[in-house]
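The chain contents come next:
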Amino acid sequence: MLARHVAGDGGEAFGELFRRHRDRMYAVAVRTCGRPELAADAVQEAFVSAFRRADSYRGDAAVTTWLHRIVVNACLDRLRREKNVSVRRAGDVADIDLPDRHDHHAATETAIVVRAALARIPEAQRSALVLVDMQGMSVAEAAEVLGVAQGTVKSRCFRGREALAAILRPSTAEADDATEPQEAS
């Protein structure tokens, strides 16, 4: 389809690529950026860039991987620009859409806690975790998307998981409260 687009089909092939990949790219962007409106802007910017630079696609990786890389880079660029403009509000990360198969209060509460924890880990670790653990990419695909070595992705995922575990681990006082028997009223 990219070849048809580059050959000048009037944008029909690229339109089909967009329809096939937009939802997945938006999901990656939301998890990378942490805010739906920022993610939407990044995805739009990424697809415009992909449309204009389609002739730069070498075919070394799957089209999906190529698009992931463009989207993640657009997200990271937006986040860097935003950091320079203003300090992000703590509540913004609550907009990250983590999948929830059950609509239970406990699951919703857990999703909120995980979103807040994701916001606290470094950007590079969060990006690697989103691609590998949330999007199900292989380490090789994530490395291609992020433009880093596979070992770097593995390291970032490891450190990110360790950081999340430390953030999510209950404090000693909370653990003691949870194990104490409750008095009957």
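Not measured: the values here are computed from a predicted model. (Residues numbered from 1 in each chain as written. Predicted model: local features only at pLDDT ≥ 70, side-chain atom pairs only at ≥ 80, totals over all residues. Heavy atoms only, no water.)

Caption draft 1: Spotlight on the overall build of the protein chain. Looking only at helices and strands, one finds nine helices and zero strands in the protein chain. Reading the protein chain from its N end, one meets helices and strands in the order α-α-α-α-α-α-α-α-α. Of all 185 residues assigned to the protein chain, the portion counted as buried reaches 35%. Taking the intrachain contacts of the protein chain between residues at least 6 apart in sequence as the baseline, contacts between residues at least 24 apart amount to 63%. Of the roughly 11000 Å² that the protein chain leaves accessible, carbon and sulfur atoms contribute 50%. (Helix = DSSP H or I, 4+ residues; strand = E, 2+ residues; numbered from the N terminus. Buried < 20%, exposed > 50% of the residue type's maximum accessible area, 1.4 Å probe, protein only. Contact = heavy atoms within 4.5 Å. Areas by Shrake-Rupley, 256 points an atom, 1.4 Å probe, with all protein chains shown as cover.)

Caption draft 2: Focus on the packing of helix H2 (residues 12-33) against helix H6 (residues 123-134). Following both chains from N to C, one finds H2 and H6 inclined at 140°, their axes separated by 9 Å at the closest point. Crossing geometry of H2 relative to H6 is assigned as right-handed. Only Arg126, Ser127, Val130, Leu131 and Met134 of H6 make contact with H2, whose side of the interface consists of Val28, Arg31 and Thr32. (Axes fitted to C-alpha atoms, helices over the stretch in contact; angles between N-to-C directions. Left-handed = near helix turned anticlockwise from the far one by under 90°.)

Caption draft 3: A look at the environment of Ile70. Mapped onto the elements, Ile70 comes out in helix H4 (residues 63-85). Along the sequence, Ile70 and Phe47 sit 23 residues apart, while their C-alpha atoms lie 8.0 Å from each other. Among all residues touching Ile70, those that are not within four sequence positions of it are Ala46, Ser49, Ala50 and Arg53.

Caption draft 4: Inspection of the pattern of salt bridges at higher detail. The final tally for this structure, using the stated rule, is seven salt bridges. As a salt-bridge pair, Asp23 and Arg22 come within 4.0 Å of each other at their nearest N and O atoms. Three or more residues joined by partner-sharing salt bridges are found here, namely Glu16, Arg19 and Arg20. (Salt bridge = Lys/Arg side-chain N within 4 Å of Asp/Glu carboxyl O.)

Caption draft 5: Representation of helix H8 (residues 150-168) within the structure. Spanning 19 residues, H8 covers 27 Å between terminal C-alpha atoms, matching the ideal 27 Å at 1.5 Å per step. Of all the positions in H8, only Val153, Cys157, Gly160 and Leu164 are classed as buried. Projected down its long axis, H8 carries its buried residues within an arc of 70°, all on one side. For H8, the exposed residues set more than 90 degrees away from the buried face come down to Lys154, Phe158 and Arg159. (Expected span 1.5 Å × (residues − 1). Arc of directions from axis to C-beta.)

Caption draft 6: Quick peek at the packing of aromatic side chains. Following the criterion strictly, the structure yields four aromatic pairs and no others. With 5.2 Å between their ring centres and 85° between their planes, Phe14 and Phe51 make a pair best called edge-to-face. Note that Phe14 is positioned in helix H2 and Phe51 in helix H3 (residues 36-52), a separation of 37 residues in sequence. For Phe14, a relative accessible area of 6% puts it in the buried group. (Phe/Tyr/Trp six-rings, centres within 6.5 Å; stacked < 30°, edge-to-face > 60°.)

Caption draft 7: Up close: the packing of H6 against helix H7 (residues 139-146). The N-to-C vectors of H6 and H7 enclose an angle of 135°; their axes lie 9 Å apart at closest approach. The pairing of H6 with H7 is recorded here as oblique in orientation. Seen from above, H6 lies across H7 with right-handed handedness. Where H6 abuts H7, its residues Ser127, Ala128, Leu131 and Val132 lie against Ala142, Val145 and Leu146. Here the contact of H6 with H7 is composed, by residue class, of six nonpolar, one polar and no charged. (Parallel < 35°, antiparallel > 145°, perpendicular 65-115°, else oblique. Nonpolar A, V, L, I, M, F, W, Y, C, P; charged D, E, K, R; others polar.)

Caption draft 8: Up close: H6. Within H6, nine of the 12 residues are buried, which leaves it mostly tucked inside the rest of the structure. Those residues of H6 not exposed but buried are Glu123, Gln125, Arg126, Ser127, Ala128, Leu129, Val130, Leu131 and Val132. A positive phi of about 75° marks Gly136, the residue just after H6.

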